Amino acid sequence: MKRLLIITTVCLLLPAFAYANPATLNHPGRTLAANCFQCHGTDGYGMEHLAGERVSEIVDELQEMQFEPARKDIMAVHAQAYTAEEIKLIADYFSKQPK
Ligand code: HEC
């Protein structure tokens, strides 16, 4: 019975963790940035925290990965798939998330 109560409580609280910042729901970079959520967390709150980072920092890191031909890891392949304009939009989106 106690276990059922704990499971029910956790299930009811889960939507609270699927939070998306309402202030940036219509940001033009959100759909592009959604490709990053699976590893970096929704809105960048996860591994290699991107939320609240400076635009120039994210852009520099992604451009470094783009122009390193020896890199064939998952991030390099991701970075190589975007145009400079798209990278700026993605970086702007993450920078606007509270830290
Ligand atoms: C399949 C998982 C995966 C996806 C999807 C992914 N990343 Fe990453 N990312 C990683 C891993 C793992 C690292 C750390 C290792 C590395 O630097 O390659 C990383 C590192 C980074 C870094 C460097 C962070 C730092 O402080 O050094 C940035 C910036 C970054 N990712 C941005 C993005 C963006 C933007 C996207 C979406 C376009 C994205 N990532 C999608 C796995 C992923």
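Residues numbered from 1 in each chain as written. Predicted model: local features only at pLDDT ≥ 70, side-chain atom pairs only at ≥ 80, totals over all residues. Heavy atoms only, no water.

Per an unreviewed UniProt entry, the chain goes by the name Cytochrome c class I and belongs to Thiothrix unzii.

Regarding the confidence of the model for the chain
Of the residues in the chain, 83% reach a pLDDT of 70 or more, and the chain-wide mean stands at 86. The secondary-structure element of the chain with the lowest mean pLDDT is helix 1 (residues 2-17), recorded at 60, while helix 5 (residues 84-95) shows the highest, at 97. (pLDDT = per-residue confidence, 0-100. Helix = DSSP H or I, 4+ residues; strand = E, 2+ residues; numbered from the N terminus.)

Quick look at the coordination of the iron atom of the ligand
Tetrahedral metal sites with four donors have an ideal angle of 109.5 degrees; octahedral sites with six donors have ideal angles of 90 or 180 degrees. Protein coordination of the iron atom of the ligand is provided by His40 (NE2) and Met75 (SD), with donor distances spanning 2.0 to 2.1 Å. One can describe the site at the iron atom of the ligand as octahedral: its 6 donor atoms subtend angles covering 83 to 178° at the metal. Taken together, the positions of His40 in helix 2 (residues 30-40) and Met75 in helix 4 (residues 74-80) put the pair 35 residues apart, joining distant regions of the chain. (Donors = N, O, S within 2.8 Å, 3.2 Å for Na, K, Ca; no water. Tetrahedral: all angles 85-135°; square planar, octahedral: opposite > 155°, others 65-115°.)

Things to note about the site of the ligand
For the ligand, the set of nearby residues contains 18 residues, the closest of which are Cys36, Cys39, His40, Arg71 and Met75. One nitrogen or oxygen atom from the side chain of Glu61 is found 3.5 Å from an oxygen atom belonging to the ligand. Because more than half of its atoms lie within 2 Å of the grid, the ligand is assigned to the largest pocket. Going through the elements one at a time, helix 2, helix 3 (55-66) and helix 4 are the ones with two or more residues in the shell around the ligand. When residues of the shell around the ligand are assigned to their parent elements, the largest contribution, 5 residues, is made by helix 2. The residue inventory of the shell around the ligand, partitioned by class, reads 10 nonpolar, 4 polar and 4 charged. (Near = heavy atom within 4 Å. Polar contact = N/O pair within 3.5 Å; in protein donor to acceptor, adjacent residues only side chain to side chain. 1 Å grid on protein atoms, 1.4 Å probe; cavity = no way out; pocket = protein on both sides within 12 Å on 5 of 7 lines; lining within 4 Å. Sits in = over half its atoms within 2 Å of the grid points. Nonpolar A, V, L, I, M, F, W, Y, C, P; charged D, E, K, R; others polar.)

Brief notes about the layout of surface pockets
Looking at the largest pocket, its volume works out to about 380 Å³. Around the largest pocket sit 21 residues that line it, and His40, Leu50, Leu62, Met65 and Met75 are the ones nearest its centre. If you list the elements that add at least two residues to the lining of the largest pocket, you get helix 2, helix 3, helix 4 and helix 5. A per-element tally of the lining of the largest pocket places helix 2 first, with 5 residues. (Points joined across faces, edges and corners; volume = space filled by probe spheres on them.)

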